[in-house]
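Structural overview for review
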Amino acid sequence: MFLSDRQTEIVGMAKSNGRVFVEELAAHFSVTPQTIRKDLNDLCDAQILTRVHGGATFPSGTENVKYEARRQIAATEKQAIGVAAAGLIPNNASLFINIGTTTEAVGEALTNHHELMVITNNINVANRLRLLPTIEVVIAGGVVRGSDGGIVGEAAVDFIRQFKVDYAVIGASAIDEDGALLDYDFREVKVAQAIIANARHVILVADSTKFERTAPVRIAQLPQVHTFITDRCVTPSIRRLCQENSVKLIETGSAPA
């Protein structure tokens, strides 16, 4: 599903408020309630929002948006972030890429690189890059999540610990104002922590919608990464943390979702 500008704004309002109402949205956008109902029905069919009487709700802080729906949120911003991250990775490098739709955008942007070793617990990244003769793909073992093709669990953690790579590309489901990088699945977090610990340069990729969300499990703190790439840093405390801890902040300049 491609989100229109109005639908994207509706999702943002639902994130901020937890719930949106048909009549209020119709007045806000100066359209008919029928138009808004169609927007909400489309967003709920895509599993981005949940339909309730009189409006729709956004998933709670303990529940992630469905994978295919996440791909559509801030898709243009993720693509730009992916290109920027790929630009930091030279040929003849080794790197980790972990689970996430933004990290997948990085994988898509690496297709013109040469002599890379990519170690990943993301089946989608592996399936894309395996087709390229100039990139060696190494995939972790472990439990495969049917929801998104992520490989998690202790076996994946032990596998990651065998390597020491040049770069790691990681994502986060949410970024707190204090710089905490957060996710929903503690098994995924354990893998991400192993990735951070075994890379010489850690690149965090996350679009600005992640500043509006919350999740229950801590991956790391922002000062543990070396470069943070986002479309727009909308949180002053995050910008300050980057400056104070020599984290390179790269903003790709896209409008926030």
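The next thing to look at is the packing of aromatic side chains. A complete count under the given rule lists 2 aromatic pairs for this structure. Between the aromatic rings of Phe-159 and Phe-163, the centroid separation amounts to 5.3 Å while the plane-to-plane angle is 55°, which identifies the pairing as tilted. A relative accessible area of 18% places Phe-159 in the buried class. An angle of 75° between the planes, with centres 6.2 Å apart, marks the rings of Phe-211 and Phe-228 as edge-to-face. Here Phe-211 is found in the loop between strand 12 (199–205) and strand 13 (217–221), whereas its partner Phe-228 is found in strand 14 (residues 227–230), with 17 residues between them in sequence.

Glancing now at the sheet that holds strand 10 (residues 174–175). Taken together, 3 strands build an open sheet; the order of strands is 10-11-13 and the sheet is antiparallel. Only two strands of the sheet have a single neighbouring strand rather than two, namely strand 10 and strand 13. Direction of pairing for strand 10 relative to strand 11 (residues 180–183): antiparallel, over a ladder of 2 bridges. Following the sheet pairing, Ala-174 is matched in strand 11 by Leu-182. Packed on one face of the sheet, helix 9 (residues 186–197) meets strand 11 and strand 13 and runs near 15° to strand 13.

Within the largest apolar cluster, 38 residues are counted, with the highest numbers of intra-cluster contacts made by Phe-96, Leu-181, Leu-204, Leu-222, Phe-228 and Ile-238. Looking at this core, the elements that each hand over two or more residues are helix 8 (154–160), strand 9 (165–170), helix 9, strand 12, strand 13 and helix 10 (236–244). Among the elements that line this core, the one with the most residues is helix 9, at 6 residues. Discounting chain neighbours no more than four positions away, the residues touching Phe-96 are Ile-119, Ile-160, Phe-163, Val-165, Tyr-167, Ala-168, Val-169, Ile-195, Asn-198 and Ala-199. In this structure, Ala-93, Ile-97, Val-169 and Ile-229 belong to the second largest nonpolar core, which totals 21 residues.

With that settled, the discussion passes to helix 5 (residues 75–88). End to end, helix 5 covers 21 Å across 14 residues, agreeing with the expected 20 Å (1.5 Å per residue, within 8%). Three or more residues of helix 5 are buried, namely Glu-77, Lys-78, Ile-81, Gly-82, Ala-85 and Ala-86. Down the axis, helix 5 shows its buried residues gathered within 165° of arc, on one side only. Opposite its buried face, helix 5 presents the exposed residues Thr-76, Gln-79, Val-83 and Gly-87, each directed more than 90 degrees away.

Topologically, Gly-82 is positioned in helix 5. Along the sequence, Gly-82 and Thr-252 sit 170 residues apart, while their C-alpha atoms lie 9.8 Å from each other. For Gly-82, the residues in contact, after removing those within four places along its chain, are Ala-105, Val-106 and Ala-109.

Glancing now at the pairing of strand 12. Of all the 7 residues making up strand 12, 5 are buried; the element is thus mostly covered by neighbouring parts of the structure. Note: strand 9 against strand 12, 5 bridges, orientation parallel. The residue of strand 12 that forms the bridge with Ala-168 is Val-202. For strand 12 and strand 14, the ladder comprises 3 bridges, and the chain directions are parallel. Within strand 14, the position partnered with Val-205 by the bridge is Ile-229.

Criteria and thresholds
- Residues numbered from 1 in each chain as written.
- Predicted model: local features only at pLDDT ≥ 70, side-chain atom pairs only at ≥ 80, totals over all residues.
- Heavy atoms only, no water.
- Phe/Tyr/Trp six-rings, centres within 6.5 Å; stacked < 30°, edge-to-face > 60°.
- Buried < 20%, exposed > 50% of the residue type's maximum accessible area, 1.4 Å probe, protein only.
- Helix = DSSP H or I, 4+ residues; strand = E, 2+ residues; numbered from the N terminus.
- Pairing = 2+ DSSP bridges.
- Contact = heavy atoms within 4.5 Å.
- Axes fitted to C-alpha atoms, helices over the stretch in contact; angles between N-to-C directions.
- Core = buried A, V, L, I, M, F, W, Y, C linked by side-chain atoms within 4.5 Å.
- Expected span 1.5 Å × (residues − 1).
- Arc of directions from axis to C-beta.

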